Amino acid sequence: DGGITQSPKYLFRKEGQNVTLSCEQNLNHDAMYWYRQDPGQGLRLIYYSQIVNDFQKGDIAEGYSVSREKKESFPLTVTSAQKNPTAFYLCASTSIGAPFNQPQHFGDGTRLSIL
Amino acid sequence: QQQVKQSPQSLIVQKGGISIINCAYENTAFDYFPWYQQFPGKGPALLIAIRPDVSEKKEGRFTISFNKSAKQFSLHILDSQAGVSGTYFCAATEGNTGFQKLVFGTGTRLLVSP
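Residues numbered from 1 in each chain as written. Chains lettered and ligands numbered in written order. Predicted model: local features only at pLDDT ≥ 70, side-chain atom pairs only at ≥ 80, totals over all residues. Heavy atoms only, no water.

(A) Looking closely at a nonpolar patch on the surface. Taken together, the side chains of Tyr10, Phe12 and Leu115 of chain A present a nonpolar region at the surface, about 390 Å² in accessible area. Counting through the fold element by element, Phe12 of chain A comes out in strand E2 (residues 10-13). (Patch = residues over 30% accessible without salt bridge, like charges linked within 9 Å, V, L, I, M, F, W, Y side chains within 5 Å. Areas by Shrake-Rupley, 256 points an atom, 1.4 Å probe, with all protein chains shown as cover. Salt bridge = Lys/Arg side-chain N within 4 Å of Asp/Glu carboxyl O. Helix = DSSP H or I, 4+ residues; strand = E, 2+ residues; numbered from the N terminus.)

Structure follows, in structure tokens:
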């Protein structure tokens, strides 16, 4: 089945440590997104990418970094500069060029906590 | 101007009742309004969506009502059952960019009581 796989499901970060969240999709989608979800704040966009080797900052990019070396992969690194990283992180993808109302498909998230 | 305001934050509805969630936006360039449904430990999934050229869209027990002049849209869930308990997000985007950058509301936690 086509879909988005996020791993790990749970992740713990020590102070001063960088951690990387994995996102892989086999939907042949061009665009990929990272969101952060906090209680009562909805989904906030961290980074997005429309094509390989290109990505743009979203609304809350500080303390995060991404890469897009392959179409199917869009890993997110939470750096030590992100002082409040505890959240539920969601990866999504969608096609470009098709009718614009193609839905964003989401993975099942990674829950990151501080040790 | 990029915000989408969603209310209520939480909602308890009796089984068989009607659930109503409201959203409002400011950006008149928005022209695609989806609703996403999320269950605990899962990612959101598209439930139903509407464009501003129609005032209402129905899919099963879910209906979107859209008021372009008021810049408001709402989700109605008829005959609410336990299976619809979860979190609902409204969203909006400018469709003509060819790229979907969604702005999400803050979510509504819906609980259907027996």
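What follows picks up the thread again.
(B) Quick peek at the state of the cysteines. The final tally for this structure, using the stated rule, is two disulfides over all chains. Between Cys23 of chain A and Cys91 of chain A runs a disulfide, and the two sulfur atoms are separated by 1.9 Å. Across the S-S bond of Cys23 of chain A and Cys91 of chain A the torsion is about -75°, and the bridge reads as left-handed. Separated by 68 residues along the polypeptide, Cys23 of chain A in strand E3 (residues 19-25) and Cys91 of chain A in strand E9 (residues 87-94) bring together distant segments of the chain. According to the relative accessible area criterion, Cys23 of chain A is buried, its value standing at 0%. In this model Cys23 of chain B forms its disulfide with Cys90 of chain B; the gap between the sulfur atoms is 1.9 Å. For the disulfide bridge between Cys23 of chain B and Cys90 of chain B, the dihedral angle about the S-S bond is near -95°, and by the sign convention the bridge is left-handed. With Cys23 of chain B in strand E3 (residues 19-25) and Cys90 of chain B in strand E9 (residues 86-92), this pair connects stretches of sequence that are 67 residues apart. (Disulfide = S-S within 2.5 Å. Buried < 20%, exposed > 50% of the residue type's maximum accessible area, 1.4 Å probe, protein only.)

(C) Representation of unusual backbone geometry. For the peptide bond that leads from Ser7 of chain A to Pro8 of chain A, omega is -5°, which places it in the cis range. Structurally, Pro8 of chain A is set in the loop between strand E1 (4-7) and E2. The step from Ser7 of chain B to Pro8 of chain B runs through a cis peptide bond, and the omega angle for that step is -5°. Within the secondary structure, Pro8 of chain B sits in the loop between strand E1 (4-7) and strand E2 (10-14). The phi torsion at Asp79 of chain B lies on the positive side, around 45°, for a residue other than glycine.

(D) Expanded view of the interface of chain B and chain A. Contacts between the two partners involve 21 residues from chain B and, on the opposite side, 25 residues from chain A. Both faces combined, the contact of chain B with chain A buries some 1900 Å², and carbon together with sulfur accounts for 60% of it. There are one salt bridge connecting chain B and chain A. Ionic pairing is found between Asp108 of chain A and Lys42 of chain B, a salt bridge with its closest N-O pair at 3.5 Å. (Contact = heavy atoms within 4.5 Å. Buried area = accessible area lost by both parts, 1.4 Å probe.)

(E) The arrangement of the sheet that holds E1 of chain A in detail. All names here are of chain A. Spatial ordering of the open sheet is given by E1-E3-E8-E7, a layout of four strands whose pairing is antiparallel. Edge positions in the sheet fall to E1 and strand E7 (64-66), since each of these pairs with one other strand and no more. Direction aside, neighbouring strands of the sheet carry axes that sit 20° apart on average. Relative to strand E8 (residues 76-78), E3 runs antiparallel, the two being bridged by three bridges. Bridge assignment links Leu21 to a residue of E8, and that residue is Leu76. (Pairing = 2+ DSSP bridges. Axes fitted to C-alpha atoms, helices over the stretch in contact; angles between N-to-C directions.)

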